[in-house]
Amino acid sequence: MLIVLEVERESNNGIVKKIKSLFHPYEIKTKIKKQNKVSVLYIRYKAYRGEIRFKKIYELAIGAPKTILCSKDIVLDNSPFKRFDNNEFNVVMMQNFICSILKKADIPPEKLNIAYYDPMAENPLFAEKLLEYTSKLTVVSNMPKFYEKESERIADSIGVPLLVSNSPERLSGCDIVVCPQKIDMHLPVSENTIVFTSSKPAVSLKSAAIYEYFPEFPYKYKRLKSRNTDDIYFLSALYSLCGVKELSRLIPLKGGDGNVMFTSDRLVHRLKSLKADDELMKII
């Protein structure tokens, strides 16, 4: 069961409201929604006065997981709850978005340069998947020996090896750079490089880094979600907490860098334009 906590603070301006809040400092309402073997407990807390009474909320959630969905503005310190915060679903959406773009672009593998930045070798499987679209895949990792063994295995399997390095400088000059984990250091990418990652970078880059992914919300789960809950946050919880793995088949319609939205068609056009410019430069 998912728990969604929604908090609303009521102003108590005026003497009547202030007096009323002394005797009635809060109000709690609950509602359970069920669909496709998934249950969601909504706890709506209306605060008229004072701090949130987490003890009272906890009493209503007995027997349910204590990892809850709630706004980042709600401080859960010294409470029995932990805010759900998991990036697993976003990594899957990033991978699906990249594959959909590369499939649409249909650029010859020998003409596409892709770099895969995976410092701790936490997401090695997607590196092999990228070899469906490029014969020039450079993997940059702090664990090069692991990826060198992966390269040998992949070469034996499909005949295309990985180019492995522990130097971030090898990311420069690539058409696409994929970073499954959060980017926490400056990367030598150009303004023309298309960067895909799964979390908002902790540092600025020369190029836009796409880290938000927006698939269409599945109709069968719409009645489970309240209008106050973010779509992607809710889908992420369904995927990670409820095991709704069918969501891994969703393909984002667009991606964002926090400021600009990019449709897959827009990114396909941008990628083809870059490769066309490269070909023109070779002729000149």
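Residues numbered from 1 in each chain as written. Predicted model: local features only at pLDDT ≥ 70, side-chain atom pairs only at ≥ 80, totals over all residues. Heavy atoms only, no water.

## Here's the deal with the environment of isoleucine 158
Here is step 1 of the chain: On the secondary structure map, isoleucine 158 appears in helix α5 (residues 144–158).
Here is step 2 of the chain: Relative accessible area serves as the criterion here: at 43%, isoleucine 158 is assigned to the partly exposed category.
Here is step 3 of the chain: Separated by 30 residues in the primary sequence, isoleucine 158 and glutamate 128 have C-alpha atoms spaced 9.7 Å apart. (Helix = DSSP H or I, 4+ residues; strand = E, 2+ residues; numbered from the N terminus. Buried < 20%, exposed > 50% of the residue type's maximum accessible area, 1.4 Å probe, protein only.)

## Regarding empty space enclosed by the protein
Here is step 1 of the chain: One pass over the structure, following the stated rule, counts one cavity of 30 Å³ or more.
Here is step 2 of the chain: Taken as a whole, the largest cavity encloses approximately 40 Å³ of empty space.
Here is step 3 of the chain: Together, Thr193, Ile194, Val195, Ser207, Ala208, Ile210, Phe262, Leu267 and Arg270 line the largest cavity.
Here is step 4 of the chain: Where the lining of the largest cavity is concerned, the elements lending two or more residues are β10 (194–197) and α7 (264–283). (1 Å grid on protein atoms, 1.4 Å probe; cavity = no way out; pocket = protein on both sides within 12 Å on 5 of 7 lines; lining within 4 Å. Points joined across faces, edges and corners; volume = space filled by probe spheres on them.)

## Description of the packing of helix α3 (residues 88–105) against helix α6 (residues 231–240)
Here is step 1 of the chain: Interhelical geometry of α3 versus α6 gives an angle of 105° and a closest axis separation of 8 Å. Here α3 lies roughly perpendicular to α6, going by the angle between them. Residue-level inspection shows Glu88, Phe89 and Val92 of α3 in contact with α6, the latter providing Ile232, Leu235, Ser236, Tyr239 and Ser240.
Here is step 2 of the chain: The class makeup of the residues in the contact of α3 with α6 is five nonpolar, two polar and one charged. (Axes fitted to C-alpha atoms, helices over the stretch in contact; angles between N-to-C directions. Parallel < 35°, antiparallel > 145°, perpendicular 65-115°, else oblique. Contact = heavy atoms within 4.5 Å. Nonpolar A, V, L, I, M, F, W, Y, C, P; charged D, E, K, R; others polar.)

## Thoughts on α3
Here is step 1 of the chain: Here α3 spans 26 Å end to end across 18 residues, near enough to the 26 Å set by a 1.5 Å rise per residue.
Here is step 2 of the chain: Summarising burial for α3: 15 of the 18 residues are buried, a large majority.
Here is step 3 of the chain: Aspartate 106 occupies a position one or two residues after α3 and carries a positive phi of about 50°. (Expected span 1.5 Å × (residues − 1).)

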